[in-house]
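Residue-level listing of the chains:
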Amino acid sequence: MNFYIVMQGRNYIEEKEHQIIWSQQLDKSGQTQHFWERMKEVKSGDVIFHYVKGEIVAISKAQQDYYEAQNPYTNEEMLGYAVKTMYEELEFPINIKEKFQLLEPVLPIKYSAFQENGDGNQGYLYPCNDLLAIKLLEVISDRNIYEEEQEQLEFSIGLIADKTRNTLAPFLIEVEAEAKRKIRKGQQKFTQGLLAMAERKCVLCDITLSSLVCATHSKPWKDSTEQERLDPYNGLLLCRNHSVLYKEGYIAFDGTGKIHISLELNEQDYLKYGLHSKMRVQRLEENKPYFKWHKRNVFKGD
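In this text, all values refer to a predicted model and were calculated from it rather than measured experimentally.

Participant: Tell me what's going on with the pattern of salt bridges, and back it up with residues and numbers.
Facilitator: Where charged atoms of side chains with opposite charge meet at close range, the side chains can pair. Across all of its chains, the model carries 17 salt bridges by this definition. The residue glutamate 226 makes a salt bridge to lysine 182 at a minimum N-O spacing of 3.2 Å. Of the two residues, glutamate 226 sits in helix 7 (residues 226-230) while lysine 182 sits in helix 6 (residues 168-197), which places them 44 residues apart along the sequence. Arginine 229 is the partner of glutamate 226 in a salt bridge, and the nearest nitrogen-oxygen pair spans 3.0 Å. Of this pair, glutamate 226 and arginine 229 both sit in helix 7, three residues apart, which is roughly one turn of that helix. Residue glutamate 226 is classed as partly exposed on the basis of its relative accessible area of 40%. For arginine 229, a relative accessible area of 6% translates into the label buried.

Put into structure tokens, the structure is as follows:
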């Protein structure tokens, strides 16, 4: 299961009536765009968040893989990409700007559906990583699933899903559970791969206590492809202290494995963080593109 955000605007009503999403293939100059080509990635079972005028107004699941189809709205001859999908409209749409503080940390750097101010980007279909999908699902659930009586708070969420008159609740529960399961399995596979090729200790401070050592991505999950998320070369074994410093961009490594420490950390405090300027990690050739990406996109500067 993969997730997408579709920016529909004035086409929403027509597309909902047809239970599809549809995009053209080429612009007037004969060029294609990534947000149209992405339609070809959609598979049966993928989940789509529908964005209209600043709000997520519906969520749907693709009923089959994408296919080519003529423009369904006009008589104009225009071949495009279509996906049959089943819409679940939200009783209470989600205003992205109101929730942007929650969503911003998990937005991808490239091909984000949303701008830095919370506005939607121009285009049609955007990728939605699993972490962003879970945040959106949580916000949608909080706003749209209500227990009718106070004592229902004591019941399990499964009982809420059993309310057959409410199709949205079980759908959200199922999708959120699948997204979390996907992340958990991916993290496990990534960790196992990294442990198999590295000594089981922090590469900076040699801590070996397993509960304090974790597999840490160089290119974060939210920005990685499916293959990159599982690639053990896209990561380091670090203690929890150094893991946070790395993920937050306070330290980075260059192509030789030499450490770079952000100027946001005072040199007099290096000892507190278990750092010194001559640290380096043993790197393999396969690590280099990930180290480079991290230093360029995550590191807080020299």
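Participant: Describe in detail unusual backbone geometry, supporting the description with residues and values.
Facilitator: In this model, glutamine 19 sits at a positive phi of 55 degrees, which is unusual for a non-glycine residue. Within the secondary structure, glutamine 19 is located in the loop between helix 1 (12-18) and strand 2 (20-24). Given a relative accessible area of 29%, glutamine 19 falls into the partly exposed group. Phi at aspartate 206 takes a positive value of approximately 70 degrees, unusual for a residue other than glycine. Along the chain, the position of aspartate 206 falls in the loop between helix 6 and strand 8 (213-217).

Participant: Any details on the nonpolar core? Residues and values, ideally.
Facilitator: Grouped together as the largest cluster of nonpolar side chains are 53 residues, with contacts concentrated most on Ile5, Ile21, Phe49, Ile56, Ile59, Phe114 and Leu136. Cys202, Leu204, Ile261 and Met279 belong to the second largest nonpolar core, which has 17 residues in total.

Participant: An account of helix 8 (residues 240-247) is requested, with residue identities and associated values reported.
Facilitator: Of all the positions in helix 8, only His242, Ser243, Leu245 and Tyr246 are classed as buried. Around the axis of helix 8, the buried residues are gathered within 165 degrees of arc, so they sit on the same side. Along its buried surface, helix 8 packs onto strand 8, strand 9 (235-239), strand 10 (251-253), helix 9 (270-273) and helix 10 (288-297). Positive backbone phi, at 85 degrees, marks glycine 249, one or two positions downstream of helix 8.

Participant: Go over the state of the cysteines, please, and point to the residues and values.
Facilitator: One pass over the structure, following the stated rule, counts zero disulfides. With no disulfide of its own, cysteine 205 has cysteine 202 as its nearest cysteine by sulfur position, at a separation of 3.5 Å. Not engaged in a disulfide, the cysteine cysteine 214 finds its nearest cysteine sulfur in cysteine 239; these two sulfurs lie 7.8 Å apart. With a relative accessible area of 16%, cysteine 214 lands in the buried category.

Participant: Break down helix 4 (residues 130-144) for me, with residues and values.
Facilitator: Between the first and last C-alpha of helix 4 there are 20 Å, a value that for 15 residues agrees with the 21 Å anticipated at 1.5 Å per step. Looking only at helix 4, the buried set comprises Asp130, Leu132, Ala133, Ile134, Leu136, Leu137, Val139, Ile140, Ser141 and Asn144. Looking at where helix 4 begins, the residue whose side-chain oxygen comes 3.0 Å from the main-chain nitrogen of leucine 131 is asparagine 129.

Participant: Which residues make up a nonpolar patch on the surface, and what values do they have?
Facilitator: A cluster of nonpolar side chains, namely Ile207, Leu209 and Leu212, defines an oily patch on the protein surface of about 230 Å² accessible area. For leucine 212, the position within the fold is in the loop between helix 6 and strand 8.

Participant: Report on the pairing of strand 1 (residues 3-7), specifying residues and quantitative values.
Facilitator: Counting buried residues in strand 1 gives five out of five residues, a clear majority hidden from the surface. Alternating residues of strand 1 divide into Phe3, Ile5 and Met7 and Tyr4 and Val6, and every residue in both groups is buried. For strand 1 and strand 3 (residues 47-52), the ladder comprises five bridges, and the chain directions are parallel. Residue methionine 7 lies in a different strand from strand 3, and its bridge partner there is tyrosine 51.

Participant: Hey, could you go over the packing of helix 4 against helix 6 for me, with residue numbers and the actual values?
Facilitator: In the contact formed by helix 4 and helix 6, the axes pass within 10 Å of each other and the chain directions differ by 155 degrees. Between helix 4 and helix 6, the angle is such that the two are roughly antiparallel. Once helix 4 is placed against helix 6, the crossing between them reads as left-handed. Contacts from Asp130, Leu131, Ile134, Leu137, Glu138, Ile140, Ser141 and Asn144 of helix 4 reach helix 6 at Leu168, Leu172, Val175, Glu176, Ala179, Lys180, Lys182 and Ile183. Split into classes, the residues belonging to the contact of helix 4 with helix 6 amount to nine nonpolar, two polar and five charged.

Reading guide: rules and limits
- Residues numbered from 1 in each chain as written.
- Predicted model: local features only at pLDDT ≥ 70, side-chain atom pairs only at ≥ 80, totals over all residues.
- Heavy atoms only, no water.
- Salt bridge = Lys/Arg side-chain N within 4 Å of Asp/Glu carboxyl O.
- Helix = DSSP H or I, 4+ residues; strand = E, 2+ residues; numbered from the N terminus.
- Buried < 20%, exposed > 50% of the residue type's maximum accessible area, 1.4 Å probe, protein only.
- Core = buried A, V, L, I, M, F, W, Y, C linked by side-chain atoms within 4.5 Å.
- Arc of directions from axis to C-beta.
- Contact = heavy atoms within 4.5 Å.
- Disulfide = S-S within 2.5 Å.
- Expected span 1.5 Å × (residues − 1).
- Polar contact = N/O pair within 3.5 Å; in protein donor to acceptor, adjacent residues only side chain to side chain.
- Patch = residues over 30% accessible without salt bridge, like charges linked within 9 Å, V, L, I, M, F, W, Y side chains within 5 Å.
- Areas by Shrake-Rupley, 256 points an atom, 1.4 Å probe, with all protein chains shown as cover.
- Pairing = 2+ DSSP bridges.
- Axes fitted to C-alpha atoms, helices over the stretch in contact; angles between N-to-C directions.
- Parallel < 35°, antiparallel > 145°, perpendicular 65-115°, else oblique.
- Left-handed = near helix turned anticlockwise from the far one by under 90°.
- Nonpolar A, V, L, I, M, F, W, Y, C, P; charged D, E, K, R; others polar.

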